[in-house]
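# Close look at the chain arrangement
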Amino acid sequence: MTQYIGRFAPSPSGPLHFGSMVAALGSYFQAKSQHGQWLVRIEDLDPPREMAGAASLILKTLESYGLHWDQDVIYQSQRHPIYQQQIDDWLDSGLGYYCQCSRKQIKQDGGFYLGHCRDKNLPATDCSVRLVIDTPVTQFVDQKHGIIDIPTDLAQEDFIIKRRDGLFAYNLAVVLDDIAQGITEVVRGADLIEPTGRQINLYRYLNHPEVKYLHLPLAINAHGDKLSKQNHAPAVDLANPKPVIILAMQFLGFSLPDDFQSANIEQMLAWGCQHWALSQLPSTLSAPCPF
Ligand code: GLU
Ligand code: ZN
């Protein structure tokens, strides 16, 4: 049996909010309850969307919440040569190709890219790189939800692995990094269910066994939107972790003992690891943020 290795992979677009704490705690409990490792990776792939200082603030927040990670933190911004090498390999083998379709054109075609540039042999200039998808992944097994279907239109699209603006695509980086870090199970918010099929395609092309997946309920605001920097989700309090830990644990389905407030954060997390069970995790894909 290989050891469990899980991870939390925040994008440093802003400080951690309640939804990100749910993902951090859920992935932590799932790893530590199995005596596994819990790694942290900073997904700083998209500088225009990043906030200066957010990465170090996120790490400080995790520490003040008692969420100590194993191994060194990995930064995606330092792994560009690895991503580019893989893209070059796929371009050479014909699995990857350049595409110059604009977002507008794709919208006119009905919202999904229909393989327009597949056989055009375009040069690199002002192009994105797409991957040929001949065998779409239309479902996968989630550890809580069982079989999850992915819409066919989405699954069969030749998706982007490098953007036209030169940025590496999230799906490519996440899979190469999860492989490099030896991740055995991905635990994250249910907003990332849709790209999972694409990520499984990448595992297959890379000839690497797929990881397991567990998607946690997504915390949504009063308008039904995912909490995010864009909709001003408040940052969790760095100085006062206990109330957020309690609310996040309740959100994850724990029924906490009456005197739980009087425990310190180490005791709270240890109790959580002991009592963590997928059977108590809510089976909804989203739930209102409790404040
Ligand atoms: N960086 C992604 C996010 O913050 C999470 C990636 C993942 O867990 O696969 O939404
Ligand atoms: Zn195209």
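Numbers given for residues are sequential positions, taken from 1 along each chain in its written order. The naming scheme follows written order: chains are lettered A onward, ligands numbered 1 onward. Totals for whole chains, interfaces and linings use all residues, but because this is a predicted model, local features are given only for residues with pLDDT of at least 70 and pairs of side-chain atoms are given and counted only at 80 or more. Hydrogen atoms and water are omitted, and side-chain values are computed over all heavy atoms in the structure.

A few words now on the environment of His116. Under the DSSP-based scheme used, a helix requires at least four consecutive residues in state H or I and a strand at least two consecutive residues in state E, with every element numbered from the N terminus. One can find His116 in the loop between helix H4 (103-108) and strand E5 (128-131). His116 sits in the partly exposed class, given a relative accessible area of 45%. The sequence separation of His116 and Cys101 amounts to 15 residues, and the corresponding C-alpha distance is 7.7 Å. Separated by 3.3 Å, the side chains of His116 and Lys120 make a polar contact. Only protein chains enter the area calculation, which uses a 1.4 Å probe; residues under 20% of their type maximum are buried, those over 50% are exposed, and those in between are partly exposed. Polar contacts here mean pairs of N or O atoms no more than 3.5 Å apart (in protein, one a potential hydrogen donor and the other a potential acceptor; neighbouring residues in sequence count only if both atoms are side-chain atoms).

Each aromatic pair joins two rings of Phe, Tyr and Trp (for Trp, the six-membered one) with centres within 6.5 Å, and gets the label stacked for planes under 30 degrees apart, edge-to-face for over 60, and tilted for any other angle. Here the structure, examined in full by the defined rule, presents 13 aromatic pairs. A ring pair is formed by Phe29 and Phe254, whose centres lie 5.3 Å apart and whose planes are at 75°; its orientation type is edge-to-face. Here Phe29, found in helix H1 (residues 18-32), pairs with Phe254, found in the loop between helix H8 (241-251) and helix H9 (265-275); they are 225 residues apart in sequence, far enough to count as distant. For Phe29, a relative accessible area of 0% translates into the label buried. A ring pair is formed by Phe254 and Trp271, whose centres lie 5.8 Å apart and whose planes are at 55°; its orientation type is tilted. Linking Phe254 in the loop between H8 and H9 with Trp271 in helix H9, this pair joins segments that are 17 residues apart in sequence. Trp271 matches Phe254 in its accessibility class, with the two residues each being buried.

This part is about the packing of H1 against H9. The interhelical angle for the contact between H1 and H9, taken along N-to-C directions, is 60°, at an axis separation of 8 Å. Judged by the twist between their axes, the crossing of H1 over H9 is right-handed. Along its contact with H1, which presents Leu25, Tyr28, Phe29 and Lys32, the element H9 presents Leu269, Gly272 and Cys273. Charged residues are taken to be Asp, Glu, Lys and Arg, nonpolar residues to be Ala, Val, Leu, Ile, Met, Phe, Trp, Tyr, Cys and Pro, and polar residues to be all remaining types, Gly included. Classifying every residue of the contact of H1 with H9 by side-chain character gives 5 nonpolar, 1 polar and 1 charged. A fitted line through C-alpha atoms represents every axis, and for helices the fit uses only the stretch in contact; the resulting angles, taken between N-to-C directions, go from 0 to 180 degrees. Should the near helix be turned counterclockwise from the far one by less than a right angle, the crossing is left-handed, whereas a clockwise turn marks it as right-handed. We call two residues in contact when some of their heavy atoms are within 4.5 Å.

With that out of the way, let us pick up the site of ligand 1. In these notes, residues near a molecule or strand are those with any non-hydrogen atom within 4 Å of it. In the vicinity of ligand 1, the contacting residues are Arg7, Ala9, Pro10, Ser11, Glu43, Tyr170, Val174, Arg188 and Leu192. Arg7 is positioned such that a nitrogen or oxygen atom in its side chain is 2.7 Å from an oxygen atom of ligand 1. Note that an oxygen atom of ligand 1 is positioned 3.0 Å from one of the side-chain N or O atoms of Tyr170. Protein contacts shield 82% of the accessible area of ligand 1, which totals 300 Å² for the unbound molecule. All accessible areas in this document rest on Shrake-Rupley with a 1.4 Å probe, and a residue is counted as covered only by the protein chains that are shown.

Donor atoms are limited to N, O and S found within 2.8 Å of the metal ion, a distance that becomes 3.2 Å for Na, K and Ca. With water left out, some sites might look partial. Bound to the zinc ion (ligand 2) are the protein donor atoms Cys99 (SG), Cys101 (SG) and Cys117 (SG), situated 2.1 to 2.2 Å from the metal. As a motif over one chain, the donors of the zinc ion (ligand 2) read C-x1-C-x15-C.

Following the UniProt record, the feature "binding site: L-glutamate" (unreviewed entry) maps to Arg7, Phe8, Ala9, Pro10, Ser11, Glu43, Tyr170 and Arg188 here. When you line up the elements, Arg7 lands in strand E1 (residues 5-8). Given the relative accessible area of 4%, Arg7 is considered buried. Once residues within four sequence positions are removed from consideration, Arg7 is found in contact with Ser27, Trp38, Leu39, Arg41, Val174, Asp178, Ile183, Val186, Val187 and Arg188. UniProt positions are given in the numbering used here, feature names are shortened, and annotations may be inferred rather than shown by experiment.

The residue Asp126 is not glycine, and still its phi comes out positive at about 55°. Within the secondary structure layout, Asp126 lies in the loop between H4 and E5. Even without being glycine, Asn207 reaches a positive phi, approximately 55°. Mapped onto the elements, Asn207 comes out in the loop between helix H7 (196-205) and strand E10 (212-216). Under the relative-accessibility criterion, Asn207 is labelled exposed at 72%.

This next bit is on the pattern of salt bridges. Within this document, salt bridges are pairs made up of a side-chain nitrogen of Lys or Arg and a carboxyl oxygen of Asp or Glu, the two lying within 4 Å of each other. Inspection of every chain in the model, using the stated rule, returns 15 salt bridges. We note a salt bridge from Arg41 to Asp178, for which the minimum N-O separation is 2.8 Å. Linking Arg41 in strand E2 (residues 37-42) with Asp178 in helix H6 (residues 170-180), this pair joins segments that are 137 residues apart in sequence. A salt bridge links Lys226 to Asp191; the nearest nitrogen and oxygen atoms lie 2.8 Å apart. Of the two residues, Lys226 sits in the loop between strand E11 (218-220) and H8 while Asp191 sits in the loop between strand E9 (185-189) and H7, which places them 35 residues apart along the sequence. What makes Lys226 partly exposed here is its relative accessible area of 38%. By relative accessible area, which is 29% here, Asp191 ends up partly exposed.

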